[in-house]
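# Coordinate inspection notes
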Amino acid sequence: MRLILLGPPGVGKGTQAKILVEQLGIPQLSTGDILRNAIANKTAMGLAAKEIMDRGDLVSDEVVNGIVSERIDQPDCAKGFILDGFPRTVPQADALATMLTQKGIALNAVVEITADADTLVSRVANRAKESGGARADDSAEVIRKRLDVYKELTEPLVAYYRQRGMLKTVDGMAPVEEVTAAIRRALGA
Ligand code: AMP
């Protein structure tokens, strides 16, 4: 099963991805996690990405496309994977389509998780409190910026994948277990 979880910051993509990893036995591929790791390890990529991430902007397509292409080639992705936080722009979605064709594999589905804007802001604010400030991009200002970036650059992917007949939409306002169940029904998995 190869799938994309699509949705705004705070909608629960990461939470759902972690549950689906356990239930479906395929890895989560989070570009955000990989970038945060690179920052923690002070790699050149991490150093270049930090400032961009801290203000809530997107890291370049070139960097994230490279991350994803390399990660998909790892043996644990052979049975499938859950893309969480990628693609985030139409050019990234085009690059993903090209790289999957080159690798001779195809996506099964794109699951859009939805929630209203107020809920998202309060969920991300809660995450910031619970993580004790572990994520520099969870401050109120940066949350708003990330939501704006989502609307402008990422939301067009909803139409993109709908036009390609791949989109399933799930209500992310329901309790966590219900959202998981709805995703699995949508996937027939
Ligand atoms: P996330 O953990 O998915 O919320 O991502 C945190 C931050 O990492 C984003 O605000 C971006 O700065 C960066 N990032 C993660 N994934 C991508 C991506 N696919 N394209 C560009 N930037 C990304």
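Each value, and the rule that gives it
Residues numbered from 1 in each chain as written. Predicted model: local features only at pLDDT ≥ 70, side-chain atom pairs only at ≥ 80, totals over all residues. Heavy atoms only, no water. Axes fitted to C-alpha atoms, helices over the stretch in contact; angles between N-to-C directions. Helix = DSSP H or I, 4+ residues; strand = E, 2+ residues; numbered from the N terminus. Parallel < 35°, antiparallel > 145°, perpendicular 65-115°, else oblique. Left-handed = near helix turned anticlockwise from the far one by under 90°. Contact = heavy atoms within 4.5 Å. Near = heavy atom within 4 Å. Polar contact = N/O pair within 3.5 Å; in protein donor to acceptor, adjacent residues only side chain to side chain. Areas by Shrake-Rupley, 256 points an atom, 1.4 Å probe, with all protein chains shown as cover. 1 Å grid on protein atoms, 1.4 Å probe; cavity = no way out; pocket = protein on both sides within 12 Å on 5 of 7 lines; lining within 4 Å. Points joined across faces, edges and corners; volume = space filled by probe spheres on them. Nonpolar A, V, L, I, M, F, W, Y, C, P; charged D, E, K, R; others polar. Expected span 1.5 Å × (residues − 1). Buried < 20%, exposed > 50% of the residue type's maximum accessible area, 1.4 Å probe, protein only.

The next subject is the packing of helix α4 (residues 61-72) against helix α5 (residues 90-103). Where α4 contacts α5, the two axes come as close as 10 Å, and the packing angle between them is 30°. Taken together, α4 and α5 sit at an angle that is classed as roughly parallel. Crossing of α4 against α5: the hand is right-handed. Residue-level contacts link Asp61, Val64, Asn65, Val68, Ser69 and Ile72 of α4 to Pro91, Gln92, Ala95, Leu96, Met99, Leu100 and Lys103 of α5.

Here the focus is the site of the ligand. In the neighbourhood of the ligand, 16 residues make up the surrounding shell, with Thr31, Arg36, Asp57, Gly85 and Gln92 lying closest. With respect to the ligand, the side chain of arginine 36 contributes an N or O atom lying 2.9 Å from an oxygen atom. Contact distances for the ligand include 3.1 Å between a nitrogen atom and a backbone N or O atom of valine 59. Protein contacts shield 96% of the accessible area of the ligand, which totals 480 Å² for the unbound molecule.

Here the largest pocket defines a volume of roughly 1,100 Å³. Lining the largest pocket are 50 residues; nearest its centre among them are Gly10, Lys13, Arg127, Arg135 and Arg146. Looking at the lining of the largest pocket, the elements that each hand over two or more residues are β1 (2-6), α1 (13-24), β2 (28-30), α2 (31-40), α6 (117-130), α7 (140-154) and α9 (176-187). The residue inventory of the lining of the largest pocket, partitioned by class, reads 21 nonpolar, 17 polar and 12 charged. Approximately 180 Å³ is the volume attributed to the second largest pocket. When contributions to the lining of the second largest pocket are tallied by element, the ones reaching two or more residues are β4 (109-114), α6 and α7. For the lining of the second largest pocket, the class distribution of residues is 8 nonpolar, 1 polar and 4 charged.

Turning to α5, a few remarks are in order. Here α5 is 14 residues long and its end C-alpha atoms lie 20 Å apart, about the 20 Å a rise of 1.5 Å per residue gives. Buried residues along α5 sit against β1, α4, β3 (81-84) and α8 (156-163). With a side-chain oxygen lying 3.0 Å from the backbone nitrogen of glutamine 92, the N-terminal cap of α5 falls on threonine 89. Following α5 by one or two positions, glycine 104 has its phi on the positive side, about 75°.

Turning to its location among the elements, asparagine 65 is positioned in helix α4. Overall, asparagine 65 belongs to the buried group, its relative accessible area being 15%. Discounting chain neighbours no more than four positions away, the residues touching asparagine 65 are Phe86, Gln92, Ala95 and Met99.

Turning to its location among the elements, arginine 2 is positioned in strand β1. Residues arginine 2 and valine 110, 108 residues apart in the sequence, show an inter-C-alpha distance of 8.9 Å. Leave out the neighbours within four places in its chain, and arginine 2 touches Ala78, Gly80, Phe81, Ile105, Ala106, Leu107, Asn108 and Ala109. Within the local environment of arginine 2, its side chain forms a polar contact with the backbone oxygen of alanine 106, the two atoms lying 3.0 Å apart.

Coordinates in, geometry out; function isn't part of it.
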